[in-house]
Amino acid sequence: MSIRLEKIASLVNEGVGVADVGTDHGYIPVMLRRRGYKGNIVATDINDGPLNKAKISLAEAGFSDSVNLVLCDGLQGCEPDCVDTIIVAGMGGDTITGIIDRAEWTYKPGIKLILQPVTKPEILRYWLVNNDYLITDEYLVKENGTVYQIFCAEIAKPVKYSDAELYVGKFEKIRNSEYFAEHIHNHIKRFKSAVDGLKRAERSGLDAWLEINDIVLNELTEMRRCYDDDCK
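Let me begin by describing the structure that accompanies this report. (Residues numbered from 1 in each chain as written. Predicted model: local features only at pLDDT ≥ 70, side-chain atom pairs only at ≥ 80, totals over all residues. Heavy atoms only, no water.)

Assigned secondary structure in the protein consists of nine helices and seven strands. Across the 232 residues of the protein, 48% fall into the buried class. Total accessible area on the protein stands at roughly 11,900 Å², and carbon and sulfur atoms take up 48% of it. Averaging the coordinates of the 28 positive side-chain charges in the protein and doing the same for the 36 negative ones gives two points 4 Å apart. (Helix = DSSP H or I, 4+ residues; strand = E, 2+ residues; numbered from the N terminus. Buried < 20%, exposed > 50% of the residue type's maximum accessible area, 1.4 Å probe, protein only. Areas by Shrake-Rupley, 256 points an atom, 1.4 Å probe, with all protein chains shown as cover. Lys, Arg positive; Asp, Glu negative; His and termini not counted. Charge placed at Lys NZ, Arg CZ, Asp CG, Glu CD.)

Structure follows, in structure tokens:
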């Protein structure tokens, strides 16, 4: 099974219930039941197709009667009292941000968010830390040659993130990952290319964007230096 989804499932603690938003094939609900999770499980998707696939997966695993499949946009069809853990994985960070932002009932202590953006993690992290969420854990996993970011958040006093950390994660939380060096290298390469391209453009109006990219590049380079030197 998927290393990425297995990691996400492993982060779920026993509790009232889990909402798996955008469940697709229903793999996470199956994993949770196989792990012995006893709470409610609500699997949502905005389209019928993925829910039908999830229905098949659940039936084949023998869990058809223990997972509630709901056709809805994000968390709109989820009963707030039925869950205390929300999983949103495999979407853009901007999309995940919108899903959480529209579900105002999630904004309370005791709700755990498990999030895995495939793009734009900086938008999601920025929104979280500016809306009184503490990002409690950060993980890097590698699947099919791609390093994925997974993080958990809950309502609590937030911790400040540098510009670079919004993109790659809190240095102190990911530095011990076996994929840290590759993760940082990929982002340094990305931002170096962006900075070089902006410098060659020589167009007015790009100075601010160049400055932002240059700041992130410098912070990423410092992260790598600190990692190589085993900074404390």
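The subject of this paragraph is the pairing of strand β1 (residues 17-21). Every other side chain in a regular strand lies on the same face of the sheet, so the side chains alternate between the two faces. Counted residue by residue, β1 has five buried out of five residues, so it is predominantly covered. With burial as the criterion, each face of β1 is covered, one bearing G17, A19 and V21 and the other bearing V18 and D20. Judged from the five bridges that link them, β1 and strand β2 (residues 40-45) form a sheet pairing that is parallel. If you follow A19 over to β2, its bridge partner there is V42. Taken together, β1, helix α2 (residues 27-34) and β2 form a β-α-β motif whose crossover is right-handed. (Pairing = 2+ DSSP bridges. Right-handed = clockwise from strand over helix to strand, strands pointing away.)

What follows deals with the pairing of β2. With five of six residues buried, β2 is to be regarded as a mostly interior element. Note that β2 and strand β3 (residues 68-71) share four bridges and pair parallel. Across the sheet, residue T44 finds its bridge partner in β3, namely V70. The parallel pair β2 and β3, bridged by helix α3 (residues 48-61), forms a crossover whose chirality is right-handed.

With that settled, consider the packing of helix α1 (residues 3-10) against α2. Closest axis-to-axis distance for the α1/α2 pair is 9 Å, and the angle between their directions is 55°. Judged by the angle between their axes, α1 and α2 are oblique. The handedness of the crossing between α1 and α2 comes out as right-handed. Touching L5, E6, I8 and A9 of α1 are Y27, I28, M31 and L32, all from α2. Grouping the constituent residues of the contact of α1 with α2 by class yields seven nonpolar, no polar and one charged. (Axes fitted to C-alpha atoms, helices over the stretch in contact; angles between N-to-C directions. Parallel < 35°, antiparallel > 145°, perpendicular 65-115°, else oblique. Left-handed = near helix turned anticlockwise from the far one by under 90°. Contact = heavy atoms within 4.5 Å. Nonpolar A, V, L, I, M, F, W, Y, C, P; charged D, E, K, R; others polar.)

To continue, consider the sheet that holds strand β6 (residues 133-143). In space, the seven strands of this open sheet follow the order β3-β2-β1-β4-β5-β7-β6, with mixed pairing throughout. The open sheet has two edge strands with one neighbour each: β3 and β6. Going across the sheet, the axis of each strand differs from the next one's by a mean of 20°, ignoring polarity. Pairing geometry for β6 and strand β7 (residues 146-155), over 10 bridges, is antiparallel. Bridging from a neighbouring strand, L134 pairs with E154 of β7. Lying over the sheet, α3 contacts β2 and β3, oriented at roughly 170° with respect to β3.

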